[in-house]
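As a plain string of letters, each chain reads:
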Amino acid sequence: MAHIETNDGYRLHYQEAGEGRPLVMIHGWSQSGAMFRHQLAGLSDRYRVIALDLRGHGESDKPDHGYRVARLAKDVYDALAQLGLGDVTILGWSMGCSVIWSYLDLFGPERLAQAVLVDQMASVVAMPGMTEQDKTDAGTIFDAAGLAEACETLQGPEGVAFTESFVGGMVTPAMAAADKAWIMAENFKMSRAHAARLLYDHGSQ
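The model shown is predicted, which means the values in this text are computed figures rather than measured ones. Per chain, residues are indexed from 1 in the order of the written sequence. pLDDT decides what is reported in this predicted model: residues at 70 or higher carry local features, side-chain atom pairs at 80 or more are listed and counted, and totals for whole chains, interfaces and linings draw on all residues regardless. With hydrogens and water excluded, all non-hydrogen atoms of the structure serve as input to the side-chain values.

Helix numbering and strand numbering both begin at the N terminus, where a helix is a DSSP run of H or I of at least 4 residues and a strand a DSSP run of E of at least 2. Check the secondary structure of the protein and you find 8 helices and 6 strands. Its helices and strands taken in sequence order, the protein reads β-β-β-α-β-α-β-α-β-α-α-α-α-α from the N to the C terminus. Within these notes, the globule rule equals 2.2 Å times the number of residues to the 0.38 power, and the radius of gyration is based on C-alpha atoms. In summary, the protein has a C-alpha radius of gyration of 17 Å against a globular reference of 17 Å for 205 residues, a match within 12%. Along the first, second and third principal axes, the C-alpha atoms of the protein reach 45 × 40 × 35 Å. In the protein, which comprises 205 residues, the proportion classed as buried is 46%. Should any heavy atoms of two residues lie within 4.5 Å, those residues are considered in contact. Sequence separation of 24 or more characterises 69% of the internal contacts of the protein that already satisfy a separation of 6 or more. A total accessible area of about 9700 Å² is found for the protein, and carbon and sulfur atoms account for 52% of it. Whether a residue is buried, partly exposed or exposed follows from its accessible area with a 1.4 Å probe, protein chains only, as a fraction of its type maximum: under 20%, in between, or over 50%, in that order. Every accessible area reported is derived by Shrake-Rupley at a probe size of 1.4 Å, with residue values counting cover from the shown protein chains alone.

The next thing to look at is a nonpolar patch on the surface. Patch membership is restricted to residues that have no salt bridge and whose relative accessible area is over 30%. Joining uses 9 Å for like charges and 5 Å for the nonpolar side chains Val, Leu, Ile, Met, Phe, Trp and Tyr. We define a salt bridge as a contact between a side-chain nitrogen of Lys or Arg and a carboxyl oxygen of Asp or Glu at a distance within 4 Å. Taken together, the side chains of W101, L104 and L117 define a hydrophobic patch exposed on the protein surface, amounting to about 260 Å² of accessible area. By the element assignment, L104 lies in helix α3 (residues 95-107). For L104, a relative accessible area of 37% translates into the label partly exposed.

A word on the packing of aromatic side chains. Given two aromatic rings, their pairing is described by the distance between the two centres and the angle made by the two planes. Note on aromatic contacts: the rings of Phe and Tyr and the six-membered ring of Trp form a pair at centre separations within 6.5 Å, being stacked when their planes are under 30 degrees apart, edge-to-face when over 60 apart, and tilted otherwise. Counting across every chain of the model gives 7 aromatic pairs. Judged by centre distance (4.1 Å) and plane angle (20 degrees), the ring pair of Y77 and F107 falls under stacked. Of this pair, Y77 sits in helix α2 (residues 69-82) while F107 sits in helix α3, and the two are 30 residues apart along the sequence. Since its relative accessible area comes to 22%, F107 is described here as partly exposed. Members of the aromatic cluster, connected to one another through ring pairs, are W29, F142, F162 and F166.

Now for the sheet that holds strand β6 (residues 112-118). The pairing criterion for strands is at least two bridges between them, as found by DSSP. With respect to topology, 6 strands assemble into an open sheet ordered β1-β2-β4-β3-β5-β6, the strand pairing being mixed. Sheet topology places β1 (2-5) and β6 at the edges, where each strand pairs with a single neighbour. Here the average twist between neighbouring strands, direction ignored, is 25 degrees. Bridge count between β1 and strand β2 (residues 11-17): 4 bridges; the pairing is antiparallel. Looking at the pairing, H3 lines up with H13 of β2. All axes are obtained by fitting lines to C-alpha atoms, using only the stretch in contact for helices, and the reported angles, taken between N-to-C directions, cover 0 to 180 degrees.

On to the environment of T6, then. Position of T6 relative to the elements: it lies in the loop between β1 and β2. Linking T6 and R55, residues 49 residues apart in sequence, is a C-alpha distance of 9.2 Å. When neighbours within four sequence positions are excluded, T6 is seen to be in contact with L12, R55, R71, D75, D78 and Q82. Under the rule applied, a polar contact is a pair of N or O atoms within 3.5 Å (in protein, one hydrogen donor and one hydrogen acceptor; residues adjacent in sequence only if both atoms are side-chain atoms). Of note is the side chain of T6, whose polar atom sits 2.5 Å from the side chain of D8.

Take a look at the structure:
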């Protein structure tokens, strides 16, 4: 486990394995780089694999601000720059895809060669004018009011139960109970208040 420092002074931890072209992996909402443990082991014979803990997640610092997709994209930029990485294949999983899209908005393809986008719906929140078919095609899971209600619940006394239900619905029922418990433990390394802020921003994007 090592770390880089963001331009506003916070430490972001990362795990690294292997040598060769860099493959940088960006986790999803309220998760951590540890979610890529199997990829770190399985791809390190071909790549220099780096799994970053985003701000507020995993073992990274947890400031009281910056829980916006654009700030996370800047943090990723800082990480690539400090590690001296170029010709990067960047992989985003779930919200990690939104971080990559924001990175491209802010910095273009600087330092990047390829992007791999995994398991992120085109639109988390239904936009005005969408038909039911549009919503299905885009993979929406909230309307605007539903997103606000979910985020309010998330940072309230039912935040843990909401997380267990919300995240639990994203994994196969066949997953071992120990693996599910580990995933939840990684989720709860992020405060529910910070998770709510980030979910609202992610959904709004």
